[in-house]
Amino acid sequence: MIIPPYLLHGDTIALAAPARKISETEVRPAVEWLKSEGFNVFYDDRLFAQDHQFAGNDAHRAAYIQDLLDQDNIKAIWCVRGGYGSARIIDKLNFTHFRQHPKWICGYSDITV
């Protein structure tokens, strides 16, 4: 098992929605808490995309997750929603860079895929 480096104050945690959609209002408490714990938080408008119940279509969600996996400055990805949409994009992700530069992926439900 590969264990990523432990998180330190000042590290960046990215928010992602690889399955179900979410609103900025819903993530605000998590962002405030992470900042109060000394972390930087990254997300952009891609987090709030919508396609029926999903946070964007499969290609959109996969591209956003891939971008987060490939950024060395991001030390953890916090998946803000679970759902079977995660299983729909797993085969679209390239884990080559991630294996060389592992980071924490946090979530529940189908995030465990």
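Our subject is the structure that appears above.
Parameters and conventions
Residues numbered from 1 in each chain as written. Predicted model: local features only at pLDDT ≥ 70, side-chain atom pairs only at ≥ 80, totals over all residues. Heavy atoms only, no water. Helix = DSSP H or I, 4+ residues; strand = E, 2+ residues; numbered from the N terminus. Expected span 1.5 Å × (residues − 1). Buried < 20%, exposed > 50% of the residue type's maximum accessible area, 1.4 Å probe, protein only. Contact = heavy atoms within 4.5 Å. Salt bridge = Lys/Arg side-chain N within 4 Å of Asp/Glu carboxyl O. Disulfide = S-S within 2.5 Å. Pairing = 2+ DSSP bridges.

## A short note on helix α1 (residues 24-36)
Piece 1. The end-to-end C-alpha distance of α1, which contains 13 residues, comes to 18 Å, matching closely the 18 Å that a straight helix rising 1.5 Å per residue would cover.
Piece 2. Along α1, the positions that sit buried rather than exposed are Val-27, Ala-30, Val-31 and Leu-34.
Piece 3. Each element contacted by the buried residues of α1 is listed here: β1 (12-16), β2 (40-42) and β3 (74-79).
Piece 4. Phi turns positive, to about 95°, at Gly-38, one or two residues after α1.

## Thoughts on the pattern of salt bridges
Piece 1. Taken as a whole, this structure holds five salt bridges when the rule is applied.
Piece 2. Between Asp-58 and Arg-61 there is a salt bridge whose closest N-O contact spans 2.8 Å. Of this pair, Asp-58 and Arg-61 both sit in helix α2 (residues 58-70), three residues apart, which is roughly one turn of that helix. For the pair shown, Asp-58 and Arg-61 are each scored as buried.
Piece 3. In this structure, Asp-58 and Arg-88 form a salt bridge, with 3.2 Å as the shortest nitrogen-oxygen distance. Note that Asp-58 is positioned in helix α2 and Arg-88 in helix α3 (residues 85-89), a separation of 30 residues in sequence.

## Comments concerning the state of the cysteines
Should the sulfur atoms of two cysteines be covalently bonded, the bond is a disulfide.
Piece 1. Applying the stated criterion across every chain yields a total of zero disulfides.
Piece 2. Considering cysteine sulfurs only, Cys-106 is the nearest to Cys-79, which forms no disulfide, with 7.8 Å between them.

## A word on the pairing of β3
Piece 1. Relative to β3, β1 is paired through five bridges, and the arrangement is parallel. Paired with Ile-13 across the bridge in β3 is Ala-76.
Piece 2. Sheet analysis places β3 next to strand β4 (residues 104-106), joined by three bridges and oriented parallel. Across the sheet, the residue bridging to Ile-77 is Ile-105, located in β4.

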